[in-house]
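Summary of the model geometry
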Amino acid sequence: MAATSTIPSPTPTVGRLAAKALTRDGHVLGALEALHDGLGDVFALPLPGFKSVVMAGPDANRFILTEANGDLRWRAEGDPVTRLLRRGLLVTDGAEHDDVRGMMTPALHRSLFGGYVEAMWKHTDRVSGEWRNGARINLFDEMRRIALLILTETLFSDDFEPQMRTLWRDIERTLAYISPGAWLIWPGIPRPGYAAAIQRLVGYFDQLVALRRARFPAQGNGDLIDALLASGMSDDRIRDQILTMFIAGHDTSTSLLAWTLYLLAVHPESLALVVEEVDRVVGEETPALDHVRALRYLDSVIKEALRLYPPIHLGSRVAAQDLEFNGYSIPAGTRVLYSIYLTHHDRRYWPEPHLFDPGRFVADRDVSRPAYTYLPFGGGPRNCIGATFAQVEAKIVLARLLQRHEFRYVGGKVRPRMQATLVPHPGVFVEAWRR
C-alpha cells in the first residue's frame, strides 16, 4: 500500500513544550519525550542539514530491527564512529558483518564464563582495594576502571593497568569524539584536539595485534584475538574488531554499573534487599557463576536500571532504499533513529515510567508486554553480541562490591547525558566504607 501520511514535525505548541521540558530536566531526553507525547511514535527531527526521522514503540522497533533490517544500513560514511572503527563489527553490513560476527561469537560463549567470572571479581577487588576507608569516590570513574580491566583480560589476555594510567584521558577523548554533537548538523565541522588522543589509543591496539601475531599459533591464549588471527583476517581488520569491542564493551558496562549503583544509593530500601540477598546467596564465598541465577532481586534491579537508563539509548540507521512504515514514507538516505529511551519510558507499557521500581521485573508481578517494549541490548539478528557477558559481569561486580563495601551517597542531582552511552552527569559520588 502506498504511503499517504506526512511524517509529523513539531508544531509551535509542541516545540514550546519540548523547550520547556529541556529547561526543566536539563537534558535533551526530556525534550524528546515531549515531542513523542505530542507527535506520536513517528516524527521528524527538523535539524538543518540532517534529514532524519525518530521512531519509538514496539511496532517501530520490530520494523527497524527485524522486518526492514536488510533495508537499513548501520554504516554511515563520514560519521565519527565509522571513521574511528573503520571496518569494525558495529559499522559493517550484510555478509561482511555476519562473517565477522561468526568469528567473534565463540569467544563470548557461556561455556567460557567460569574463567571470566574469576577475572570479574578479581578486578573488582583490585580496584576497590585501593579505596581508603571512608574515601569520597566517583563510582562512574571507578566502574570504568573495573570494566576496562575485565574486558582486556577476558577477551584480549592483556593486563591493561599500566596502559590505563597513560591512556585514560585518551580514552575519554575518543569517547567524546563519537558522542552526539554539532557534527550531526555540520558533518565537516573542524574538530581539533582529538587526532593525537585517538592515535595513541589506536597505537596500543596496533602493538597488541603485532605482538600476538608474532607469537601465534605457538603461544595462543584461546581468546578473541586468537580467534581473529586464526580466521586469516588482516592485522588492520583485527585491530578494527578489538577496538570496536573495547569501546562498545567497556563503555556500556561502565554506564550500567554506575547507574545501578546510583539508583541503589538513592533508594536505601532496595539497597537493603540487594545486600540481604547477596549475603544469603553468596555469603563469604567469592561470587561464582552458580550464584548468578540465584541473585533474583539483584537481577530485577539491574533490569530496571537498564529500563530507566539504557546505555545505548538511541539506535541510528540509514535507509538504503525508499521505505514505508504504517502509512509513512521514508525516503532513501533518511537517517532513521529509533529511541530505546522513549520506548522504555512510554506510559502505555510502563506505568509511572520515571519511577524506579524493580518490582516490574519480579516474576509474580511481571506483566505481559508486547515484544520490543524492552530492548536494552537491541533485538533481531544484530542484537548486542556481548549481552550475556554484560549481564553476568554486572551481577558479579555488583555482588562483590556490596559484599565488601557500604556506600553513602554524597553527590547532588544527577542527570542523564547523551554521550557515546547514556551516562550519569556529573558523576556518582559516594563515600565507600568497608563492611
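First, a word on what this report is: a plain description of the structure on this page. It should be emphasised that the depicted structure is a prediction, and the values quoted were computed from it without experimental measurement. (Residues numbered from 1 in each chain as written. Predicted model: local features only at pLDDT ≥ 70, side-chain atom pairs only at ≥ 80, totals over all residues. Heavy atoms only, no water.)

So, on to the environment of Ala119. Tracing the backbone through its elements, the reader meets Ala119 in helix 6 (residues 113–128). In sequence terms Ala119 and Glu285 are 166 residues apart; their C-alpha atoms lie 15 Å from each other. (Helix = DSSP H or I, 4+ residues; strand = E, 2+ residues; numbered from the N terminus.)

Take the packing of helix 12 (residues 268–281) against helix 14 (residues 296–308) next. Running from N to C, helix 12 and helix 14 cross one another at 140°; their axes reach a closest spacing of 8 Å. In terms of orientation, helix 12 lies oblique with respect to helix 14. From helix 12, Ser270, Leu273, Val274 and Glu277 reach across to helix 14, where they touch Arg296, Tyr297, Leu298 and Val301. Partitioning the contact of helix 12 with helix 14 into residue classes produces 5 nonpolar, 1 polar and 2 charged. (Axes fitted to C-alpha atoms, helices over the stretch in contact; angles between N-to-C directions. Parallel < 35°, antiparallel > 145°, perpendicular 65-115°, else oblique. Contact = heavy atoms within 4.5 Å. Nonpolar A, V, L, I, M, F, W, Y, C, P; charged D, E, K, R; others polar.)

What follows covers the packing of aromatic side chains. Aromatic ring pairs are reported here in terms of the distance separating the ring centres and the angle at which the planes meet. Tallied over the entire structure, the rule returns 17 aromatic pairs. On the basis of an interplanar angle of 50° and a centroid distance of 5.0 Å, the ring pair of Phe361 and Tyr374 is categorised as tilted. In this pair, Phe361 sits in the loop between helix 15 (340–344) and helix 16 (387–404) while Tyr374 sits in the loop between helix 15 and helix 16, placing the two residues 13 residues apart along the sequence. Assessed through its relative accessible area of 25%, Tyr374 is described here as partly exposed. (Phe/Tyr/Trp six-rings, centres within 6.5 Å; stacked < 30°, edge-to-face > 60°. Buried < 20%, exposed > 50% of the residue type's maximum accessible area, 1.4 Å probe, protein only.)

Pairing is antiparallel in the open sheet, where 3 strands are placed in the order 4-12-9. Across the chains shown, the open sheet's two edge strands, defined by having one partner strand only, are strand 4 (135–138) and strand 9 (405–409). Across this sheet, the average inter-strand angle for adjacent strands is 40°, counted without regard to direction. Sitting on the sheet, helix 16 touches strand 9 and strand 12 (429–434), and the angle it makes with strand 9 is about 90°. (Pairing = 2+ DSSP bridges.)

Here the structure, examined in full by the defined rule, presents 33 salt bridges. Here Asp223 makes a salt bridge to Arg212, at a shortest N to O gap of 2.8 Å. One end of the pair, Asp223, is in the loop between helix 9 (195–215) and helix 10 (224–230); the other, Arg212, is in helix 9, with 11 residues separating them in the sequence. For Asp223, a relative accessible area of 4% gives the class buried. (Salt bridge = Lys/Arg side-chain N within 4 Å of Asp/Glu carboxyl O.)

Here the focus is empty space enclosed by the protein. Applying the stated criterion to the full structure yields 1 cavity of 30 Å³ or more. Empty space within the largest cavity amounts to approximately 40 Å³. Taken together, Leu261, Leu264, Ala265, Leu271, Leu402 and Phe407 form the lining of the largest cavity. The element best represented in the lining of the largest cavity is helix 11 (residues 235–265), accounting for 3 residues. Within the lining of the largest cavity, the residues separate by chemical class into 6 nonpolar, no polar and no charged. (1 Å grid on protein atoms, 1.4 Å probe; cavity = no way out; pocket = protein on both sides within 12 Å on 5 of 7 lines; lining within 4 Å. Points joined across faces, edges and corners; volume = space filled by probe spheres on them.)

What follows covers helix 3 (residues 58–67). Residues of helix 3 that are buried include every one of Pro58, Ala60, Asn61, Phe63, Ile64 and Leu65, and no others. Residues of helix 3 that are buried make contact with strand 2 (52–55), strand 3 (72–73), strand 5 (314–319), strand 6 (323–325), strand 8 (335–339) and helix 15.

Quick look at unusual backbone geometry now. Following Phe216, the chain continues into Pro217 via a peptide bond in cis, with omega recorded as 0°. One can find Pro217 in the loop between helix 9 and helix 10. Each neighbour pair has its own omega, and for His425 with Pro426 the value is 10°, a cis peptide bond. Here Pro426 lies in the loop between strand 11 (422–425) and strand 12. Residues other than glycine seldom take positive phi values, yet Ser157 does so here, at roughly 55°.

The next subject is the layout of surface pockets. Estimated volume of the second largest pocket: approximately 620 Å³. Contributing to the lining of the second largest pocket are 30 residues, with Asp25, Glu33, Tyr341, His345 and His354 lying nearest its centre. Looking at the lining of the second largest pocket, the elements with two or more residues in it are helix 1 (12–25), helix 2 (28–39), helix 11, helix 15 and strand 10 (415–418). Broken down by element, the residue count for the lining of the second largest pocket peaks at 5 residues, all from helix 2. For the lining of the second largest pocket, the per-class residue count stands at 13 nonpolar, 7 polar and 10 charged.

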